[in-house]
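Chain by chain, the residues:
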Amino acid sequence: MIQVINVSKRFLHNIVLDGVSLEVRDGETVALLGPSGVGKSVLLKHINGLMKPDAGDVIVDGLSVPRLKRKEIQQLRSKIGYVFQYGALFDSMSVYENIRLGITDETCANDDGYCNDRVKECLRLVNLAPDVAEKYPAELSGGMKKRVGIARAIAGAPKYLLYDEPTSGLDPVNADVIDALIERLRDELGVTSVVVSHDVRGSFRVADRVALLWQAKIRADGTPEQVLASQDAAVQQFLERDLEMGLIQAEGEARAKRGA
Amino acid sequence: MARRATITLDLRRLVGRWSLRAADHTGRFTFLVLDMLRGVAEWRIYLPRTFEQAQQVGYGSLFIVLLVAGFAGAVTSLQTGYQFTGTLPLYYAGAVISESMILELGPVLTALILAGRIGARYAAELGSMRVTEQIDALESLGRSPITHLLMPRVFAGILVIPALTMFANATGIVVGFFTAKGSLGLTYADFEYGARYFFRPLDLWYSLVKSYCFAAAATVIPCYLGFNAQQGAEGVGRATTTAVVSASVSILLLDVVITQLLLGVK
Ligand SMILES: Nc1ncnc2c1ncn2[C@@H]1O[C@H](COP(=O)(O)OP(=O)(O)O)[C@@H](O)[C@H]1O
Ligand SMILES: [Mg+2]
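Worth saying up front: this structure is predicted, and the values here are computed from it rather than measured. (Residues numbered from 1 in each chain as written. Chains lettered and ligands numbered in written order. Predicted model: local features only at pLDDT ≥ 70, side-chain atom pairs only at ≥ 80, totals over all residues. Heavy atoms only, no water.)

Visitor: Honestly, the sheet that holds strand β4 (residues 55-60) of chain A in this entry has me stumped. Any pointers?
Guide: Two strands in a sheet stick together by hydrogen bonds in their backbones, pointing the same way (parallel) or opposite ways (antiparallel). Residue and element names in this part refer to chain A. The four strands are arranged β2-β1-β4-β5 in an open sheet whose pairing can be described as antiparallel. In this open sheet, the two strands that pair with only one neighbour each are β2 (14-24) and β5 (63-64). As paired strands, strand β1 (residues 2-11) and β4 are joined by five bridges and run antiparallel to one another. When the bridges of β4 are listed, I5 appears paired with D57. Its contacts with the sheet put helix α1 (residues 40-47) on β1, β2 and β4, and the angle it makes with β1 is roughly 125°. (Pairing = 2+ DSSP bridges. Helix = DSSP H or I, 4+ residues; strand = E, 2+ residues; numbered from the N terminus. Contact = heavy atoms within 4.5 Å. Axes fitted to C-alpha atoms, helices over the stretch in contact; angles between N-to-C directions.)

Take a look at the structure:
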C-alpha cells in the first residue's frame, strides 16, 4: 500500500504541494491527473524517496520513506518501478544494458541466460522489436525511448509501479499497448500503480481510482464515475477541456486517415 | 547618506548570501566525501567500472602530458643554461633539471592538464546525467550513484594521475638532459653526477604524495559539481567551467600547503 499523508513541498517561494494526501491500496491503479506544472512528477518522486517532503509522511509497504536509511531505501526502491517522464535512459549504455540494469534482484542480475530472456520479454511487452536491444538511446525516437523506459521499470518485476506520463507523446496504437500493459500487470501480477497523466480518457480506462491535483492540493479523488459526476467547477473545467481536446484530436486523426 | 546605507545593506546581504552558499557547498561536499568513504566496501560495483574509466582517461591523456612535460624539461634546461653559464659548475644543471621536474613541474603540470581534461569531462558527464534525470533513474533502481558513477571516476583519476606524473617526470628529465647536451655540451656523466648529488629518495615520495593529493582534488571537485548541477544545459556548462577553475585553483593551493608541510623549514 502507498500512503501519502499531508505532504507539503516548496521550492523557494513556489509552493508545489500543500498538504496532499493520497492512498493507493494493494493491487489498485490510481490515475493522478492535473494540468502540467502542477506538481504531479514532484508528488511521484516523493513516493520512492527521490524527493523529501518538507512536512508530512509517505508510507510505502509499511515503511516511512523519508526516514529510511540508505540500505533500506535501496531495498525498497528495487520493489518500485519508476517510469520517467522523459525516459531518463542511460545514454552511454545500449538498450539491452539499460533494461538489464532494471533487473534488481542480485542473483537474477548475475544470471546471463535469465537476463537475456527477461530483456527480450520486456521488449516484447512494450511492443518493441528484439533488435532494438542493440541500439543506443540516441538512435531511438521519443516514443521508443519512453517504451524502453517502461521496459526497464518492469524488468525487475516490481510490486509497485509509478508511471510518469507513460503514454504522452506516443502514437495512439502504442498508447493503447501501454494502457493494456498497465491493466495486464495489475490483473495478472497484482501490481500496485500510480499513473500520472494529463490524458483524461486513457487514464479513465486503466484506473480504478482517479485523483486530480489542482493548485497544490488534491481537488477530487474517487472512481472515474464519481469524478466525472463531480459538481466541482475546477474538476469540471479540467475534465471538459481535456475531453474536448481528445475529441478534437480524434476528429483530426479521423480526417487525416480519410485524407490518406 | 541614503545611498551609502543601501550600499552597506547590499554588501551585507551579499556577504550573507555568499556565506550561506559556502556553508551549503561545504556541507554537501563533506557528505559526498563521507558517502564515498562509506562505499569503499562495495568494490564489486566500482572496481570494474574504475578500470574502464582509467583506460578511457589514461590513454587519452598520455600524449598531451608527455608533450607538456617534454617542453617543460627543455625550457628548464635552456633557462638553467642561461642563468648558470660561467658562474656555477655545469653538473649543477643536472640537479636543477631533475629536481624541478620531480618536485614541482611533473606533479603540478600533469595535475593541471588532467584537471582540464578529466575534470571537465567528469563534470559535464555527471551534470548532463543529473539534468536528464539519469542519476534519479539509477537511484530509482535501488542503485547508488556514488558507487556506480562517482567512485569509479575518482579512483580512475587517483590511479592514472600519479602514474602519468611519473611518466612526466621521466620525460621531462630525459628531454631536459638532451637539451642541455645540445645547448651547453653537458655530458651524461656530469648530468648524472649532478642529479645524483642532490637527489634524495624522499623526493620521489614527495612527488607521489603531491600527485595523489592533486588527483583527489582534480576528480572529487568536478564530480561534486557535476553531480549537483542544476537547470539544464546552462547548469551543465556552469558546472563544467567551475569544475576546471576550482580544481586548478585547489591544486595550486594544495601545492603550497603540501610543500610547506613536507619540505617547509621548521
Ligand atoms: N528540482 C526542482 N527545483 C525547483 N523547482 C522544481 C523542481 N522540480 C519541480 N519544480 C517545480 O515544481 C513544479 C511542478 O513540477 P512538476 O512536478 O514537474 O509538474 P508536472 O505536474 O507537470 O509533472 C513546477 O513549477 C516546477 O518548476
Ligand atoms: Mg511531470
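Visitor: What am I meant to see in the interface of chain B and chain A here?
Guide: Note: interface size is frequently given as the accessible area lost on complex formation between the parts. The interface of chain B with chain A comprises 16 residues on the first partner and 20 residues on the second. Carbon and sulfur atoms make up 50% of the surface buried where chain B meets chain A, a total of about 1,600 Å² over both sides. On inspection of chain B and its partner chain A, the count reaches four salt bridges. Our enumeration of links across chain B and chain A arrives at six residue pairs in polar contact (both at pLDDT 80 or more). Those elements giving two or more residues to the side of chain B that touches chain A turn out to be α1 (2-38) and α4 (134-140) of chain B. The leading source of residues in the side of chain B that touches chain A is α4 of chain B, at six residues. Split into classes, the residues belonging to the side of chain B that touches chain A amount to four nonpolar, five polar and seven charged. (Buried area = accessible area lost by both parts, 1.4 Å probe. Salt bridge = Lys/Arg side-chain N within 4 Å of Asp/Glu carboxyl O. Polar contact = N/O pair within 3.5 Å; in protein donor to acceptor, adjacent residues only side chain to side chain. Nonpolar A, V, L, I, M, F, W, Y, C, P; charged D, E, K, R; others polar.)

Visitor: Help me out: how do you make sense of the site of ligand 1 in this one?
Guide: Residue and element names in this part refer to chain A. Ligand 1 sits among F11, N14, V16, P35, S36, G37, V38, G39, K40, S41, V42 and M51. Between ligand 1 and N14, the relevant distance is 3.2 Å, taken from an oxygen atom to a side-chain nitrogen or oxygen of the residue. In the model, an oxygen atom of ligand 1 is placed 2.6 Å from a nitrogen or oxygen of the G37 main chain. When the free accessible area of ligand 1 is taken as 560 Å², the share hidden by the protein chains comes to 60%. Residue assignment for the shell around ligand 1 shows that the elements contributing at least two residues are β2 and α1. The leading source of residues in the shell around ligand 1 is α1, at three residues. By residue class, the composition of the shell around ligand 1 is six nonpolar, five polar and one charged. (Near = heavy atom within 4 Å. Areas by Shrake-Rupley, 256 points an atom, 1.4 Å probe, with all protein chains shown as cover.)

Visitor: How should empty space enclosed by the protein be read in this particular structure?
Guide: Using a probe with the size of a water molecule, rolled over the atoms, empty space left in the structure can be pinpointed. Across all of its chains, the model carries two cavities of 30 Å³ or more by this definition. The space that makes up the largest cavity amounts to roughly 60 Å³. Forming the walls of the largest cavity are R77, S78, I80, G81, G102, T104, R152, A153, G156 and P158 of chain A together with S140 and L141 of chain B. Elements represented by at least two residues in the lining of the largest cavity include exactly β6 (80-83) and α6 (142-155) of chain A. Considering only residue class, the lining of the largest cavity consists of four nonpolar, six polar and two charged. Here the second largest cavity defines a volume of roughly 50 Å³. For the second largest cavity, the full set of lining residues is P166, T167, D179, V195, V196, S197, D199, G202, S203 and V206 of chain A. Of the residues assigned to the lining of the second largest cavity, the class counts are four nonpolar, four polar and two charged. (1 Å grid on protein atoms, 1.4 Å probe; cavity = no way out; pocket = protein on both sides within 12 Å on 5 of 7 lines; lining within 4 Å. Points joined across faces, edges and corners; volume = space filled by probe spheres on them.)

Visitor: Looking at this structure, how should I read a nonpolar patch on the surface?
Guide: Residues and elements named next belong to chain B. Taken together, the side chains of L202, W205, V209, V256, V257, L261, L262 and L263 present a nonpolar region at the surface, about 760 Å² in accessible area. Counting only elements with at least two residues in the nonpolar patch, the list comes to α7 (201-227) and α8 (232-263). Ranked by residues supplied to the nonpolar patch, first place goes to α8 with five residues. Among the secondary structure elements, V257 is positioned in helix α8. Relative accessible area serves as the criterion here: at 44%, V257 is assigned to the partly exposed category. (Patch = residues over 30% accessible without salt bridge, like charges linked within 9 Å, V, L, I, M, F, W, Y side chains within 5 Å. Buried < 20%, exposed > 50% of the residue type's maximum accessible area, 1.4 Å probe, protein only.)

Visitor: What exactly am I supposed to notice about helix α5 (residues 112-125) of chain A here?
Guide: Residues and elements named next belong to chain A. Helix length check: α5, at 14 residues, gives a terminal C-alpha distance of 20 Å against a target of 20 Å (1.5 Å per residue), a fit within 8%. Along α5, the positions that sit buried rather than exposed are C115, R118, V119, C122, L123 and L125. The arc that holds every buried residue of α5, seen down its axis, measures 155°, which confines them to one face. Turned more than 90 degrees away from the buried face of α5 sit D117, K120 and R124, all of them exposed. In this structure, the buried side of α5 is in contact with α3 (95-101), α4 (106-109), α6 and α7 (172-189). Where α5 begins, the side chain of D111 points an oxygen toward the backbone nitrogen of G113, at a separation of 3.2 Å. (Expected span 1.5 Å × (residues − 1). Arc of directions from axis to C-beta.)

Visitor: Please clarify how the coordination of the magnesium ion (ligand 2) should be interpreted in this entry.
Guide: Four donors placed tetrahedrally about a metal ideally form angles of 109.5 degrees, and six donors placed octahedrally ideally form angles of 90 or 180 degrees. With distances of 2.0 to 2.2 Å, the protein atoms coordinating the magnesium ion (ligand 2) are S41 of chain A (OG) and Q85 of chain A (OE1). Taken together, the positions of S41 of chain A in helix α1 and Q85 of chain A in the loop between β6 and α3 put the pair 44 residues apart, joining distant regions of the chain. (Donors = N, O, S within 2.8 Å, 3.2 Å for Na, K, Ca; no water.)

Visitor: Can you help me understand helix α6 (residues 188-198) of chain B in this one?
Guide: A turn of α-helix holds 3.6 residues, and therefore any two residues three or four places apart point the same way. Residue and element names in this part refer to chain B. Within the sequence span of α6, burial applies to F191, G194 and A195. Buried residues of α6 fall within an arc of 95° about the axis and therefore sit on the same side. Projecting away from the buried face of α6 at angles above 90 degrees are the exposed residues A189, R196 and Y197. As for α6, its buried residues are in contact with α3 (92-131) and α5 (145-184).

Visitor: Hey, could you run me through the sheet that holds strand β10 (residues 217-222) of chain A in this one?
Guide: Residue and element names in this part refer to chain A. With mixed pairing, the six strands of this open sheet are ordered in space as β6-β7-β8-β3-β9-β10. Looking at the sheet topology across the chains shown, the edges are occupied by β6 and β10. Averaged over neighbouring strand pairs, the angle between their axes works out to 15° when direction is ignored. Note: strand β7 (residues 160-164) against strand β8 (residues 192-197), five bridges, orientation parallel. Bridge pairing in β8 places L161 opposite S193.

Visitor: Looking at this structure, I do not really get the side chain of N169 of chain B. What am I missing?
Guide: The topology assignment puts N169 of chain B in helix α5. N169 of chain B has contacts with M101, I102, G106, P107 and S207 of chain B, leaving out every residue within four places of it along the chain.

Visitor: So what exactly am I meant to see when it comes to the pairing of β4 of chain A here?
Guide: All names here are of chain A. Pairing geometry for β4 and β5, over two bridges, is antiparallel. Each bridged residue has a counterpart across the sheet, and for V60 the counterpart in β5 is L63. A loop of two residues connects β4 with β5, the two strands running antiparallel in sequence, and D61 in this loop sits at a positive phi of about 60°.

Limitation: the analysis is restricted to geometry and does not speak to function.
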